[in-house]
Amino acid sequence: FFLRIFTKLRDIMGNAKSLHSDRKDKDALKLFIDSPGQVQDLDALWKAFDKDNSGSIDQDELQEIVFHLIIIFWEYATPRKTVPKRDQLQSVIDHICANIMHQVDLDKNGVITRNEFDEFGKYVMVQWDACEEKVRKKRGDTQMSSKGSFNLGFNVLTQRGK
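Residues numbered from 1 in each chain as written. Predicted model: local features only at pLDDT ≥ 70, side-chain atom pairs only at ≥ 80, totals over all residues. Heavy atoms only, no water.

## Digging into the packing of helix α4 (residues 59–77) against helix α5 (residues 86–104)
For the record, the criterion: To define axes, lines are fitted to C-alpha atoms, for helices over the stretch in contact only, and angles between the resulting N-to-C directions are given on a 0 to 180 degree scale. Per the convention used, a helix needs a DSSP run of H or I reaching at least four residues, while a strand needs a run of E reaching at least two, with both numbered from the N terminus. Small angles under 35 degrees read as roughly parallel and large ones over 145 as roughly antiparallel, with 65 to 115 read as roughly perpendicular and the rest as oblique. Should the near helix be turned anticlockwise from the far one by less than a right angle, the crossing is termed left-handed; should it be turned clockwise, right-handed. Working rule for contacts: check all heavy atoms of both residues, and any pair within 4.5 Å makes them a contact. Throughout this entry, Asp, Glu, Lys and Arg are counted as charged residues, while Ala, Val, Leu, Ile, Met, Phe, Trp, Tyr, Cys and Pro are counted as nonpolar. The remaining residues, Gly among them, count as polar.
It is the contact of α4 with α5, at a shortest axis distance of 9 Å, that shows an interaxial angle of 115°. In terms of axis orientation, α4 runs roughly perpendicular to α5. Here α4 and α5 pass one another in a crossing that is right-handed. Note on element contacts: α5 touches α4 through Arg 86, Leu 89, Gln 90, Val 92, Ile 93, Asp 94, Ile 96, Cys 97, Ile 100 and Met 101, opposite Gln 59, Leu 62, Gln 63, Glu 64, Val 66, Phe 67 and Ile 70. For the contact of α4 with α5, the per-class residue count stands at eleven nonpolar, three polar and three charged.

Below is the structure:
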(Lines give C-alpha, C1' and ligand atoms only; values in the text may rest on other atoms or scores of the structure.)
Protein backbone atom coordinates (compact mmCIF):
# COMPACT_ATOMS: atom_id res chain seq x y z
CA PHE A 1 0.00 0.00 0.00
CA PHE A 2 2.66 2.50 1.08
CA LEU A 3 4.79 1.54 -1.91
CA ARG A 4 1.93 2.14 -4.37
CA ILE A 5 1.36 5.62 -2.98
CA PHE A 6 5.08 6.32 -2.98
CA THR A 7 5.39 5.23 -6.61
CA LYS A 8 2.46 7.42 -7.70
CA LEU A 9 3.79 10.36 -5.73
CA ARG A 10 7.28 9.94 -7.18
CA ASP A 11 5.85 9.93 -10.69
CA ILE A 12 3.71 13.01 -10.03
CA MET A 13 6.27 15.05 -8.12
CA GLY A 14 9.33 14.39 -10.27
CA ASN A 15 12.19 16.65 -9.26
CA ALA A 16 10.44 18.92 -6.74
CA LYS A 17 12.77 20.72 -4.35
CA SER A 18 13.65 18.82 -1.17
CA LEU A 19 12.83 19.77 2.40
CA HIS A 20 15.63 19.00 4.83
CA SER A 21 14.54 16.51 7.46
CA ASP A 22 15.62 16.22 11.05
CA ARG A 23 18.72 14.02 10.78
CA LYS A 24 18.18 12.39 14.19
CA ASP A 25 14.66 11.17 13.34
CA LYS A 26 15.72 9.93 9.94
CA ASP A 27 18.74 8.15 11.41
CA ALA A 28 16.54 6.42 14.01
CA LEU A 29 14.30 5.08 11.25
CA LYS A 30 17.25 3.98 9.11
CA LEU A 31 18.73 2.13 12.08
CA PHE A 32 15.44 0.34 12.63
CA ILE A 33 15.02 -0.58 8.96
CA ASP A 34 18.58 -1.92 8.85
CA SER A 35 18.17 -3.81 12.13
CA PRO A 36 17.06 -7.41 12.59
CA GLY A 37 13.82 -6.01 14.04
CA GLN A 38 14.25 -7.22 17.59
CA VAL A 39 12.27 -5.74 20.47
CA GLN A 40 15.26 -3.59 21.51
CA ASP A 41 15.38 -2.14 17.98
CA LEU A 42 11.72 -1.19 18.20
CA ASP A 43 12.27 0.23 21.70
CA ALA A 44 14.98 2.54 20.34
CA LEU A 45 12.64 3.72 17.58
CA TRP A 46 9.87 4.27 20.12
CA LYS A 47 12.15 6.43 22.27
CA ALA A 48 13.13 8.52 19.25
CA PHE A 49 9.52 9.33 18.32
CA ASP A 50 7.59 9.46 21.61
CA LYS A 51 8.98 12.97 21.88
CA ASP A 52 6.73 14.15 24.71
CA ASN A 53 7.25 10.91 26.69
CA SER A 54 3.48 10.48 26.93
CA GLY A 55 3.61 6.73 26.43
CA SER A 56 1.85 6.99 23.09
CA ILE A 57 2.51 8.20 19.56
CA ASP A 58 0.00 10.92 18.74
CA GLN A 59 -0.97 12.16 15.30
CA ASP A 60 1.77 14.81 15.17
CA GLU A 61 4.45 12.28 16.10
CA LEU A 62 3.09 9.78 13.58
CA GLN A 63 3.12 12.45 10.88
CA GLU A 64 6.82 13.02 11.58
CA ILE A 65 7.58 9.32 11.37
CA VAL A 66 5.71 8.94 8.07
CA PHE A 67 7.37 12.04 6.60
CA HIS A 68 10.81 10.64 7.39
CA LEU A 69 9.84 7.20 6.06
CA ILE A 70 8.81 8.78 2.77
CA ILE A 71 12.18 10.50 2.55
CA ILE A 72 14.06 7.25 3.26
CA PHE A 73 12.00 5.27 0.74
CA TRP A 74 12.31 8.05 -1.86
CA GLU A 75 16.07 8.36 -1.49
CA TYR A 76 16.51 4.59 -1.71
CA ALA A 77 14.23 4.03 -4.70
CA THR A 78 15.06 7.19 -6.65
CA PRO A 79 18.45 8.45 -5.41
CA ARG A 80 18.87 10.89 -8.29
CA LYS A 81 15.56 12.66 -7.72
CA THR A 82 15.04 15.37 -5.14
CA VAL A 83 12.55 14.68 -2.35
CA PRO A 84 9.45 16.90 -2.53
CA LYS A 85 8.78 19.54 0.09
CA ARG A 86 6.77 18.58 3.15
CA ASP A 87 3.74 20.64 2.08
CA GLN A 88 3.71 18.81 -1.25
CA LEU A 89 3.67 15.50 0.62
CA GLN A 90 1.04 16.42 3.21
CA SER A 91 -1.97 14.76 1.55
CA VAL A 92 0.06 11.57 1.07
CA ILE A 93 1.30 11.73 4.68
CA ASP A 94 -2.31 12.12 5.88
CA HIS A 95 -3.43 9.15 3.79
CA ILE A 96 -0.61 6.89 4.98
CA CYS A 97 -1.21 7.91 8.61
CA ALA A 98 -4.90 7.05 8.29
CA ASN A 99 -3.99 3.65 6.85
CA ILE A 100 -1.47 3.02 9.63
CA MET A 101 -3.96 3.99 12.34
CA HIS A 102 -6.55 1.69 10.80
CA GLN A 103 -4.08 -1.20 10.97
CA VAL A 104 -2.27 -0.61 14.26
CA ASP A 105 -4.53 1.45 16.57
CA LEU A 106 -6.19 -1.65 17.93
CA ASP A 107 -8.17 0.08 20.69
CA LYS A 108 -9.19 2.91 18.29
CA ASN A 109 -8.29 5.67 20.76
CA GLY A 110 -6.49 7.80 18.15
CA VAL A 111 -2.95 7.17 19.42
CA ILE A 112 -0.46 4.32 19.11
CA THR A 113 0.54 2.76 22.41
CA ARG A 114 3.86 0.99 22.93
CA ASN A 115 2.16 -2.40 22.49
CA GLU A 116 0.50 -1.24 19.27
CA PHE A 117 3.83 0.13 18.09
CA ASP A 118 5.00 -3.46 17.60
CA GLU A 119 2.42 -3.74 14.81
CA PHE A 120 3.73 -0.49 13.37
CA GLY A 121 7.23 -1.98 13.33
CA LYS A 122 5.97 -4.97 11.36
CA TYR A 123 4.18 -2.60 8.97
CA VAL A 124 7.37 -0.63 8.34
CA MET A 125 9.41 -3.78 7.73
CA VAL A 126 6.85 -5.19 5.28
CA GLN A 127 6.76 -1.89 3.37
CA TRP A 128 10.56 -1.68 3.30
CA ASP A 129 10.82 -5.25 2.03
CA ALA A 130 8.35 -4.39 -0.75
CA CYS A 131 10.39 -1.31 -1.66
CA GLU A 132 13.63 -3.29 -1.73
CA GLU A 133 12.01 -5.99 -3.87
CA LYS A 134 10.74 -3.44 -6.37
CA VAL A 135 14.15 -1.75 -6.61
CA ARG A 136 15.87 -5.14 -6.91
CA LYS A 137 13.56 -6.13 -9.78
CA LYS A 138 14.08 -2.78 -11.47
CA ARG A 139 17.85 -3.28 -11.29
CA GLY A 140 17.64 -6.92 -12.35
CA ASP A 141 19.13 -8.16 -9.05
CA THR A 142 17.48 -11.34 -7.81
CA GLN A 143 19.81 -12.16 -4.89
CA MET A 144 18.34 -12.29 -1.40
CA SER A 145 19.89 -10.62 1.60
CA SER A 146 21.72 -12.58 4.25
CA LYS A 147 19.63 -10.80 6.90
CA GLY A 148 17.17 -13.69 6.98
CA SER A 149 14.27 -12.79 9.26
CA PHE A 150 13.17 -10.35 11.89
CA ASN A 151 11.41 -10.96 15.16
CA LEU A 152 9.37 -8.38 17.04
CA GLY A 153 8.72 -10.53 20.07
CA PHE A 154 5.81 -12.38 18.43
CA ASN A 155 7.81 -15.18 16.80
CA VAL A 156 6.86 -13.57 13.51
CA LEU A 157 9.31 -14.50 10.79
CA THR A 158 9.54 -13.03 7.34
CA GLN A 159 12.16 -13.36 4.67
CA ARG A 160 14.02 -10.08 4.36
CA GLY A 161 15.32 -9.03 0.94
CA LYS A 162 18.42 -6.94 0.27
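## Details of the pattern of salt bridges
Rule in force here: Salt bridge criterion: a side-chain nitrogen from Lys or Arg within 4 Å of a carboxyl oxygen from Asp or Glu. Relative accessible area decides the class of each residue, using a 1.4 Å probe on protein chains only: under 20% of the type maximum gives buried, over 50% gives exposed, and in between gives partly exposed.
All chains considered together, the criterion is met by nine salt bridges. The partner of Lys 26 in a salt bridge is Glu 75, and the shortest N-O contact between them spans 2.7 Å. In this pair, Lys 26 is assigned in helix α2 (residues 23–34) and Glu 75 in helix α4, connecting sequence segments 49 residues apart. Looking at Glu 75, the relative accessible area reads 32%, which means it is partly exposed.

## Concerning the packing of α2 against α4
Two elements in contact, α2 and α4, have axes separated by 9 Å at closest approach and are oriented at 65°. Judged by the inter-axis angle, α2 sits roughly perpendicular to α4. When you trace α2 past α4, the crossing you get is right-handed. Contact residues: α2 offers Asp 25, Lys 26, Leu 29, Lys 30 and Ile 33, while α4 offers Glu 64, Ile 65, His 68, Leu 69, Ile 71, Ile 72, Phe 73 and Glu 75. Within the contact of α2 with α4, the residues separate by chemical class into seven nonpolar, one polar and five charged.

## A closer look at the environment of Ile 96
Relative to the assigned elements, Ile 96 resides in helix α5. For Ile 96, a relative accessible area of 1% corresponds to the buried category. With 33 residues separating them in the primary sequence, Ile 96 and Gln 63 have C-alpha atoms 8.9 Å apart.

## Focus: the nonpolar core
We apply this condition: The term nonpolar core refers to a set of buried residues drawn from Ala, Val, Leu, Ile, Met, Phe, Trp, Tyr and Cys, joined through side-chain atoms within 4.5 Å.
One finds Leu 45, Leu 62, Ile 100, Phe 117 and Phe 120 to be the most contacted residues of the largest nonpolar core, which totals 39 residues. Those elements giving two or more residues to this core turn out to be α2, α3 (39–49), α4, α5 and α6 (114–139). With eleven residues, α4 is the single largest residue contributor to this core. If near-sequence neighbours (up to four positions away) are discounted, Ile 100 is found in contact with Leu 62, Val 66, Asp 105, Ile 112, Phe 120 and Tyr 123.

## Quick word on α3
The condition is simple: Arc definition: it is the arc formed by the directions from the helix axis to the C-beta atoms.
Listing the buried residues of α3 in full gives Asp 41, Leu 42, Leu 45, Trp 46, Ala 48 and Phe 49. Burial along α3 is one-sided: seen end-on, the buried residues are contained in an arc of 160°. Seen from the buried face of α3, the exposed residues on the opposite side, beyond 90 degrees, are Gln 40 and Lys 47.

## What about α2?
Defined as follows: To estimate the expected span of a helix, subtract one from its residue number and multiply by 1.5 Å.
Its twelve residues give α2 an end-to-end C-alpha distance of 16 Å, which sits within 8% of 16 Å, the value for a rise of 1.5 Å per residue. Of all the residues in α2, the buried ones are Asp 25, Lys 26, Ala 28, Leu 29, Phe 32 and Ile 33. Burial along α2 is one-sided: seen end-on, the buried residues are contained in an arc of 155°. In α2, the exposed positions angled more than 90 degrees off the buried face are occupied by Lys 24, Leu 31 and Asp 34. Contacts from the buried residues of α2 go to α3, α4 and α6.

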